[in-house]
Amino acid sequence: MRNGGGAFLIPYCLAMVVIGFPTFFLEVVIGQFSGLSPSMVWNVIPLFKGIGWGMTVAILVVSVLYGHLVTWILYYLAMSFSAELPWTSCNNTWNTENCIIRQLNASFNATIKADVLVNGSDSLNFTDSRVSPGEEFLRNNVLELTDDATDLGGLRWQLVVCHLVGWSTAGLCVIKGIKSVGKVVYVTSIAPYILLTILLIRGCLLPGAVDGIMYFIKPDFSKLLEFRIWIEAAIQIFYSIGAFGGGNIMFASYSKFHNNCQRDTILIVIINCLTSIYGGFAVFAVVGHMAHRTGIPVDKVLKSGPGLAFIVYPEALSKLPLPQLWSVLFFLMLTTLAIGTQIGHFQTVVSCVTDAFPHLRSKRIWILLAHVLFGSMFGLIFCSRGGMYWFQLVDWYGITTGTFVMMILGTLGLSWLYGLNRLYKDTEMMIGKKPFFVFKIFWGVLTPAYTLTIFIYILSGFSRPTYGSYVYPNWAIVIACLIPMASIIQLPAFAVVGIVREKGRLLKRLRVLTSPNKIWGPQASAYYEGHPWTKQDGLKETLPLAAVAENGTFMKPQPFV
């Protein structure tokens, strides 16, 4: 909406080529080749072992955030079964005298009406004295929001119930391991497409839908002259593919050794991007109808951030015949998406721990239960009446900085320390053919350069976080900054430990730590002998036969202690 409509597809597709394909392919290659999770895959460059554990810490933080998104979605899903959708009227106990309903065919004379819908920031805005019932439902019923981040105001028991149901559901989906995850993912991946298609078809049949869709695809090429649009396209791709979040490496580690991961990369990234565009049509069709009914321009109806999913779109669906049906379908779609993502988080954490400490493999269920227990406990702060302040603060600072640092160092390390030629030989050995040569250019130069530019842009654009009219104090920002530092600190910490434990002069220690150690190698034991990765300038011996089980299969490595 804010980046030129259809013109945004130009930088978006460029970012998909420069960041999406190379980054996803790189993660899948090292995961599938080694059969290792993020915590152990960086034995390819022992000096960078902290990247794997930094990913693990970041996943723990993200899983807590996503757990609370599931909480809100489940609450709205439950309320969608009400005889009257509670976010459609101003006659409820939580409504105030400032509540107004968007009238049918209201004229656009009222800067009054427009102001009710305008949100100048990426967070929800409750500063205007006139608010819609959807906004009041979220603020006064769902959140029961306090006036300050220091005032938690006690727990909302309704949110606590939804919170526990969400965490328990995701945990049960993972409890039997990767095979059960694979079966559940069929549902969480396919169901959203079915539900989204239903919503799209219904939306396109509404008056004003064409106006919304045209607003979505009509290009404003003047926006391409703004540097920000190129950065935002890259950020969107970065988060959309889950770059260096650990999940891509974890799932790839369970792939068959000869799986054609290059083909998978191309298909997955393209389908991912097309899905985003497809979802945009569904959103703008319904929002276009809402703009038609109220006489308010599309750009005044939409909100970014949580407001789109929890205020604008539910309000738009409430104007349709059988509003409960469409509301249930919408939040059911969001539930499957959120649970599916949460499943990936859980499985990644379990794999990281069991790969690093093989003696705990028989205890994987207890590891999962510990994650669910402690993650849900930490997430309870978001279920308090002041929890939204902390949710936004963690979301604002939580993982962005740390993930970008890990991606830049990881890409450069694999390209220049492990070596582009080695990566190509490893990939060729897996898929049976040479990968596209263009990946060398992306891995070695373009992808890390583009990512570094984004990182610098984000840091240079730092501003004090706000939530509506509330401005966060300095102490809150300090606390929030410690969250990404928990990920970033893993990199120097493991590097220092590795250097101290090695023997010899510093230069020799660095040579050893920037070369693959004995744990690194292909997961198929048939390839252990005679491949270039087994010897690195005399610093690495052939992988010991002890790493191969009696039945000839690869045994997971011992932990780095």
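Keep in mind that this is a model prediction, so the values were computed, not measured.

What counts and what doesn't
- Residues numbered from 1 in each chain as written.
- Predicted model: local features only at pLDDT ≥ 70, side-chain atom pairs only at ≥ 80, totals over all residues.
- Heavy atoms only, no water.
- Axes fitted to C-alpha atoms, helices over the stretch in contact; angles between N-to-C directions.
- Helix = DSSP H or I, 4+ residues; strand = E, 2+ residues; numbered from the N terminus.
- Parallel < 35°, antiparallel > 145°, perpendicular 65-115°, else oblique.
- Left-handed = near helix turned anticlockwise from the far one by under 90°.
- Nonpolar A, V, L, I, M, F, W, Y, C, P; charged D, E, K, R; others polar.
- Disulfide = S-S within 2.5 Å.
- Buried < 20%, exposed > 50% of the residue type's maximum accessible area, 1.4 Å probe, protein only.
- 1 Å grid on protein atoms, 1.4 Å probe; cavity = no way out; pocket = protein on both sides within 12 Å on 5 of 7 lines; lining within 4 Å.
- Points joined across faces, edges and corners; volume = space filled by probe spheres on them.
- Patch = residues over 30% accessible without salt bridge, like charges linked within 9 Å, V, L, I, M, F, W, Y side chains within 5 Å.
- Areas by Shrake-Rupley, 256 points an atom, 1.4 Å probe, with all protein chains shown as cover.
- Salt bridge = Lys/Arg side-chain N within 4 Å of Asp/Glu carboxyl O.

Engineer: Tell me about the packing of helix α3 (residues 49-79) against helix α14 (residues 323-356), residues and numbers included.
Structural biologist: Relative to each other, α3 and α14 sit at 155 degrees, their axes nearing to 9 Å. One element, α3, and the other, α14, form an angle in the roughly antiparallel class. The two elements α3 and α14 meet at a crossing, and its hand is left-handed. Of the residues assigned to the contact of α3 with α14, the class counts are 20 nonpolar, eight polar and no charged.

Engineer: Any details on the state of the cysteines? Residues and values, ideally.
Structural biologist: The full count for this structure, using the stated rule, is one disulfide. C383 takes part in no disulfide bond, and the closest cysteine sulfur, belonging to C162, lies 8.6 Å away. For C383, a relative accessible area of 0% puts it in the buried group.

Engineer: An account of the layout of surface pockets is requested, with residue identities and associated values reported.
Structural biologist: Using a probe with the size of a water molecule, rolled over the atoms, empty space left in the structure can be pinpointed. Size it by volume and the second largest pocket reaches roughly 490 Å³. In terms of lining, the second largest pocket is formed by 18 residues, of which the most central are V61, V64, F378, V394 and I483. Those elements that provide at least two residues to the lining of the second largest pocket are α3, α15 (364-379), α16 (387-397) and α19 (474-488). Of all the elements, α19 adds the most residues to the lining of the second largest pocket, at five residues. Tallied by class, residues from the lining of the second largest pocket come to 16 nonpolar, two polar and no charged.

Engineer: Please give an account of a nonpolar patch on the surface that cites residues and values.
Structural biologist: On the surface, L412, W416, F436, F437, V438, I441, V445 and L446 cluster together into a nonpolar patch covering about 770 Å² of accessible area. Per element, the largest residue contribution to the nonpolar patch is four residues, and it comes from helix α18 (residues 438-460). Checked against the element boundaries, V445 lands in helix α18.

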